[in-house]
Amino acid sequence: MSGSHQEQPLLENSFIEEDEPQETAYDSSEKIVVVGVDESDDEENWGRVPRFSWKKLWLFTGPGFLMSIAFLDPGNLEGDLQAGAIAGYSLLWLLMWATAMGLLIQLLSARLGVATGKHLAELCREEYPPWARIVLWIMAELALIGSDIQEVIGSAIAIRILSHGVVPLWAGVVITALDCFIFLFLENYGVRTLEAFFAILIGVMAISFAWMFGEAKPSGKELLLGVLIPKLSSKTIQQAVGVVGCLIMPHNVFLHSALVQSRQVDRSKKGRVQEALNYYSIESTLALVVSFIINIFVTTVFAKGFYGSELANSIGLVNAGQYLEETYGGGLFPILYIWGIGLLAAGQSSTITGTYAGQFIMGGFLNLRLKKWMRALITRSCAIIPTMIVALLFDTSEESLDVLNEWLNVLQSVQIPFALIPLLCLVSKEQIMGTFRIGAVLKTTSWLVAALVIVINGYLLTEFFSSEVNGPMIGTVVGVITAAYVAFVVYLIWQAITYLPWQSVTQPKTIAHSEG
C-alpha cells in the first residue's frame, strides 16, 4: 500500500477484551450522521480537512451548550451574586479569565473524546490499575453528588419562591427529582431533542437575568472597567477563589468527553477528526461566551444593588430574591419572580446534565451495560437520597444552608485534581491520542492552568479547615486524610510523567491504520 497517511497512523487506544462487551457513551444508532457539502471519501484526501460549512456547524452544535450548563448552575449563581455584593464590579476580569480557563479544559476533554472514541471515565478504567480506578470513580461520584445537592437545593429554593413559600424545601426536592423522567422521555426522541430542550432552558436563563439587568441598570462604565482592569484586595480574596473554584466542575470534564461522541466521526481519516474538533471548538466557545454574559448579568445586578451595603455579607440563594424585591421593587413583573424563574431554569438544567454525567461516569468506570432508564434511576437515586436528607436537616434556617453550601464547595474543590490530572495525562500521550496529542506549548499552558486551579482551591481548603477544624483528634484525622490525599495526587502526577499503563504488560494495544 502506498500513501503518506500510513506513516502517521491514528491511534485508537482500545484494548483487546473479546470476552467482555464494552460500555459506550452512545450506540451507533443514536449517533447523529453529519452530512455536509463536501463528502469526498477519496483515499488521497484522508488527511484534508473539508471546507467550512454552516450546515455542519449547526449539526455539530449541541454538546458545548450542554457542557456550558455547569457554568450556570445554582452554585455558580450564588458565587456570582456574592462576588457582586461583596466585591462590586472588581472581579469581572477574573470571571472572564476563569471562563477562559474552563474553556481550555473543556476543549481538551472534547479533544480526548473525539480522537479516541472513548470518554474520560472509560480511559481511566483502561489506563489505571484497579485500585486507582476505584479511587478515581469514588471521587468522581462524590463530586457529582455534591454538585447535585447544590443544584437540587437551588431548584427547590426557586420552587419555594415561585409558590410564594407554599411548597417547602423538601417538597421542592421531590419535584426536582422527577426531572429524571423528563430526561428519559426526551432521550427517546433522540439527542437533538434533548439538546433543544437545554437550549430553551439556557434561553430562559438569558432572558430572565437580562431582564433583571435591565431593571437594575448597572453602570456600563464600571462593568467595562471591571472586565478590563484586574483588581484584587485582601477583602475580596475569598470571593475571588469562589469565582474560579465554582467554574471548574470535575463531573463536567467527564461529561464533555462523552457528549462529543454523539456525532458520527470517521476516525480512520485524520481530516474528519480535525474537522470535528474545529466545529466543537467553535460551538463550545460560543456556548461559554453566552454563559459568561449571563454570569455578568447576575454579578452586576447584585453589585449595583448591594455593594457597600450592610446586607452584602448576608446574601445567599435563599434570601437573594427577597433582597432584590426590597431593593428594586415590583415593577411590571416582580423581580423576585424573574429571579425565581432564572434560578429554576438553572437548577433544572444542571440536575438533568448531572444525571447524564452520572451515567457516563458510572458506566465508564465500571463498564456497566445497563438499560438507560436503569442507569438514570441509579444515578438519580445516588444524588436524590442524600439531597432529601439534607433538605430535611437544613430547612430550618438560612445560615445552615449557607454552611452546607460552604462544605459542598470544599467537596468540589477537593475533587478537581482527580479529573484534571488524568485528562492532561491522557491527552498528552501519543499512545492514547496518536497525531492529535497536544503539543509542547499547549501542554505547558494546560498544566499551568491546572496547577493554578489546584493551588487556588488548595488555598480555599486551607482557609476553610484552619477555621473549622478544632481539637487534636479531629486535627489528627484531617491530617491523615490530607496525607493520603496528597499522596494520591502525587501518584497521578507521577503517572502523567512516566505513563506506565497497567494493562500494557499483558494486553497489546490495537493500532488503526487508515487503509483508504
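No experiment lies behind these values; they were computed from the predicted model shown.

Each helix and strand counted, the chain has 21 helices and zero strands in total. Considering the chain as a whole, with its 516 residues, one finds that 54% of them fall into the buried category. Here the analysis covers contacts within the chain between residues at least 6 apart in sequence; of these, 85% occur between residues at least 24 apart. With an accessible surface of roughly 21500 Å², the chain has 66% of that area assigned to carbon and sulfur atoms.

With that settled, the discussion passes to the packing of aromatic side chains. Going through the model one piece at a time under the given rule, you end up with 17 aromatic pairs. Summarising the aromatic geometry, the rings of Phe209 and Trp339 are spaced 5.9 Å apart at their centres and angled 55 degrees between planes, so their arrangement reads as tilted. Taken as a pair, Phe209 in helix α9 (residues 191-216) and Trp339 in helix α15 (residues 335-366) lie far apart in primary sequence, 130 residues in all. Here a set of aromatic residues connected by ring pairs shows up, and it is made of Phe52, Trp54, Phe60, Tyr279 and Tyr280. Looking at Arg192, its charged tip hangs above the ring of Trp58, at a distance of 5.1 Å from the centre.

Another aspect to go through is the side chain of Ser262. Tracing the chain through its elements places Ser262 in the loop between α12 (250-259) and α13 (270-306). On the basis of relative accessible area, Ser262 is assigned to the buried category, the value being 0%. Polar contacts involving the side chain of Ser262 include one to the main-chain carbonyl oxygen of Leu259, which spans 2.8 Å. If we ignore the near neighbours within four places in the chain, the residues touching Ser262 are Tyr26, Glu30, Lys31, Ile32, Pro63, Val191 and Glu195.

Between helix α3 (residues 74-87) and α15, whose axes approach to 9 Å, the crossing angle comes to 140 degrees. By the angle between their directions, the pair α3 and α15 is classed as oblique. Judged by residue contacts, Pro74, Leu77 and Leu81 of α3 engage Trp339, Leu343, Ala346, Gly347 and Ser350 from α15. Considered class by class, the residues forming the contact of α3 with α15 number six nonpolar, two polar and no charged.

Moving on: helix α4 (residues 92-116). Helix length check: α4 (25 residues) gives 36 Å between terminal C-alpha atoms against 36 Å at 1.5 Å per residue, within 8%. Within α4, 20 of the 25 residues are buried, which leaves the element mostly enclosed by the surrounding structure. Of the residues trailing α4, Gly117 is marked for its positive phi of about 75 degrees.

Close contact between α4 and α13 brings their axes to 9 Å; oriented N to C, the two are set at 155 degrees. Considering the angle they form, α4 stands roughly antiparallel to α13. Between α4 and α13 the crossing geometry is right-handed.

Our focus in this paragraph is the side chain of Glu122. With respect to the element layout, Glu122 can be found in helix α5 (residues 120-127). We note that Glu122 is buried and unpaired, the nearest opposite charge coming from Arg125 at a distance of 5.0 Å. Within the structure, Glu122 has its side chain in polar contact with the backbone nitrogen of His119 (distance 3.0 Å).

Applying the stated criterion to the full structure yields seven salt bridges. Across the pair Glu430 and Arg437 runs a salt bridge, and its minimum N-O distance is 3.9 Å. Relative accessible area serves as the criterion here: at 42%, Glu430 is assigned to the partly exposed category. When salt bridges with common partners are traced through the structure, they connect Lys56, Arg272 and Glu275 into a single cluster.

With respect to the element layout, Leu492 can be found in helix α21 (residues 472-498). For Leu492, a relative accessible area of 0% puts it in the buried group. Once the C-alpha coordinates of Leu492 and Pro417 are considered, the two residues, 75 residues apart in sequence, prove to be 8.8 Å apart. Those residues in contact with Leu492 that sit more than four places away from it in its chain are Tyr128, Leu136, Pro417, Phe418 and Ile421.

Counting residues in each nonpolar core, the largest one holds 77 residues, and the members touching the most others are Leu112, Leu120, Tyr128, Leu136, Phe254, Phe365 and Leu492. The element that contributes the greatest number of residues to this core is α4, accounting for 14 residues. Excluding anything up to four places from it in sequence, Leu120 contacts Leu112, Val253, Phe254, Ser257, Ala419, Pro422, Leu423 and Leu426. Ranked by size, the runner-up nonpolar core spans 62 residues in total, among them Leu81, Val191, Ala320 and Ile335.

Now for the confidence of the model for the chain. Predicted confidence across the chain gives a mean pLDDT of 80, with 83% of residues reaching 70 or more. Of the regions scoring below 50 in pLDDT, residues 1-19 engages in 57 contacts with residues more than four places distant in sequence or in other chains. In the model, residues 505-516 has pLDDT below 50 throughout and makes 32 contacts with residues more than four positions away in sequence or in other chains.

Let us look at the environment of Leu255. Assignment of secondary structure puts Leu255 in helix α12. By relative accessible area, Leu255 is classed as buried at 1%. Along the backbone, Leu255 and Ser109 are 146 residues apart, and their C-alpha atoms lie at a distance of 8.5 Å. Each residue touching Leu255, except ones within four places of it in the same chain, is listed here: Thr353, Tyr356, Ala357 and Phe360.

How each quantity is defined
Residues numbered from 1 in each chain as written. Predicted model: local features only at pLDDT ≥ 70, side-chain atom pairs only at ≥ 80, totals over all residues. Heavy atoms only, no water. Helix = DSSP H or I, 4+ residues; strand = E, 2+ residues; numbered from the N terminus. Buried < 20%, exposed > 50% of the residue type's maximum accessible area, 1.4 Å probe, protein only. Contact = heavy atoms within 4.5 Å. Areas by Shrake-Rupley, 256 points an atom, 1.4 Å probe, with all protein chains shown as cover. Phe/Tyr/Trp six-rings, centres within 6.5 Å; stacked < 30°, edge-to-face > 60°. Lys NZ or Arg CZ within 6 Å of the ring centre and 35° of its normal. Polar contact = N/O pair within 3.5 Å; in protein donor to acceptor, adjacent residues only side chain to side chain. Axes fitted to C-alpha atoms, helices over the stretch in contact; angles between N-to-C directions. Parallel < 35°, antiparallel > 145°, perpendicular 65-115°, else oblique. Nonpolar A, V, L, I, M, F, W, Y, C, P; charged D, E, K, R; others polar. Expected span 1.5 Å × (residues − 1). Left-handed = near helix turned anticlockwise from the far one by under 90°. Lys, Arg positive; Asp, Glu negative; His and termini not counted. Salt bridge = Lys/Arg side-chain N within 4 Å of Asp/Glu carboxyl O. Core = buried A, V, L, I, M, F, W, Y, C linked by side-chain atoms within 4.5 Å. pLDDT = per-residue confidence, 0-100.

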